[in-house]
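Letter by letter, the chains look like this.
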Amino acid sequence: RAMITAALFIVVMALGPQEVCATCHEDLTNAFKANVHAKSCETCHGSAQEHAESADITKIRSFKALVPARSAAVCLACHEKDKTHSNRLFDAHSKNNVSCNSCHSVHKGAQRTSLLVKPTNELCASCHASERAHFNRPFSHKLAGGTIDCVSCHAPHGGSPSLKVQMVSSHS
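Conventions adopted
- Residues numbered from 1 in each chain as written.
- Predicted model: local features only at pLDDT ≥ 70, side-chain atom pairs only at ≥ 80, totals over all residues.
- Heavy atoms only, no water.
- Helix = DSSP H or I, 4+ residues; strand = E, 2+ residues; numbered from the N terminus.
- pLDDT = per-residue confidence, 0-100.
- Contact = heavy atoms within 4.5 Å.
- Buried < 20%, exposed > 50% of the residue type's maximum accessible area, 1.4 Å probe, protein only.
- Polar contact = N/O pair within 3.5 Å; in protein donor to acceptor, adjacent residues only side chain to side chain.
- Expected span 1.5 Å × (residues − 1).

Trainee: I'd like a rundown of the environment of Leu 28, residues and numbers included.
Mentor: Its location among the elements puts Leu 28 in helix α3 (residues 26-32). Taking the C-alpha atoms as reference points, Leu 28 and His 107, separated by 79 residues in sequence, lie 6.8 Å from one another.

Trainee: Let's hear about the confidence of the model for the chain: which residues, and what values?
Mentor: In low-pLDDT regions, the fine details of the predicted coordinates are not to be read closely. On average, the chain scores 77 in pLDDT, and the residues at 70 or more come to 78%. Taking the mean pLDDT of every element in the chain, the minimum, 50, falls on helix α1 (residues 2-15) and the maximum, 90, on helix α8 (residues 100-103). Scored below 50 in pLDDT, residues 166-172 shows zero contacts in the model against residues more than four places distant or in partner chains.

Trainee: Just give me the short version of the environment of Asp 82, but keep the residues and values in it.
Mentor: Residue placement: Asp 82 occurs in the loop between α6 (68-79) and α7 (92-95). On the accessibility criterion, Asp 82 (29% relative accessible area) is partly exposed. Engagement of the side chain of Asp 82 in a polar contact is seen with the side chain of His 79, the distance being 2.9 Å.

Trainee: Tell me about the side chain of His 157, and please be specific about residues and values.
Mentor: Structurally, the position occupied by His 157 is in the segment after α10 (129-132). In this structure the side chain of His 157 is engaged in a polar contact, spanning 3.4 Å, whose partner is the side chain of His 104. Leave out the neighbours within four places in its chain, and His 157 touches Thr 84, His 85, Asn 87, Arg 88, Asp 91 and His 104.

Trainee: Lay out the side chain of Ser 105 with the relevant residues and their values.
Mentor: Within the element layout of this structure, Ser 105 appears in the loop between α8 and α9 (120-127). Excluding its chain neighbours within four sequence positions, the residues that come into contact with Ser 105 are Leu 115 and Val 117.

Trainee: Kindly report on the environment of Asn 101, identifying the contributing residues and their values.
Mentor: Its location among the elements puts Asn 101 in helix α8. As a C-alpha pair, Asn 101 and Ser 71 span 30 residues in sequence and 7.9 Å in three-dimensional space. Asn 101 has contacts with Phe 63, Lys 64 and Ser 71, leaving out every residue within four places of it along the chain. Here the side chain of Asn 101 touches Ser 99 through a polar contact of 2.8 Å, side chain to side chain.

Trainee: I'd like to hear about α9, residue by residue, with values.
Mentor: Burial in α9 covers these residues: Thr 120, Asn 121, Leu 123 and Ala 125. Each element contacted by the buried residues of α9 is listed here: α8 and α10.

Trainee: Describe α6, naming the residues involved and giving the relevant values.
Mentor: Given a rise of 1.5 Å per residue, 12 residues ought to cover 16 Å, and the 15 Å separating the end C-alpha atoms of α6 matches this to within 8%. All buried positions along α6 are accounted for by Ser 71, Ala 72, Val 74 and Leu 76. On the buried face of α6, the contacting elements are α4 (41-45) and α8.

Below, the structure written as structure tokens:
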């Protein structure tokens, strides 16, 4: 065991963590190369050495196991300066324990730019079902046409006050 650990340490130092991760997670690391988040696996998952040595999932940060606030904290380590995420820890999604990976999949997002797990309107409607019925009313937002989507008016990450929904009366 000590010999394997020493050999693995030499491999990690020679190849780097991304390549070590690829020995078991080749499909993810290959797909991840074109990803906007393509840094090192360890940027999000923490040190991989113990996990690589033991193949024990508890020895690496797994977002499936993190509570939403901890998951958001990891994401915000890079995204906290984005104006669209400026209030993420205090927004309605955080208050309702909705984690970043409830909507985003860093490894295999359906939309490359936002890494959403589904198209925007479909994703929002999966939790906001009561709003979905309003979309088809003749006097409602025309989301089906693709002209606008939910985030055209709503700031899902809290954002600055100017980015939150603005109420406008149609009778003014």
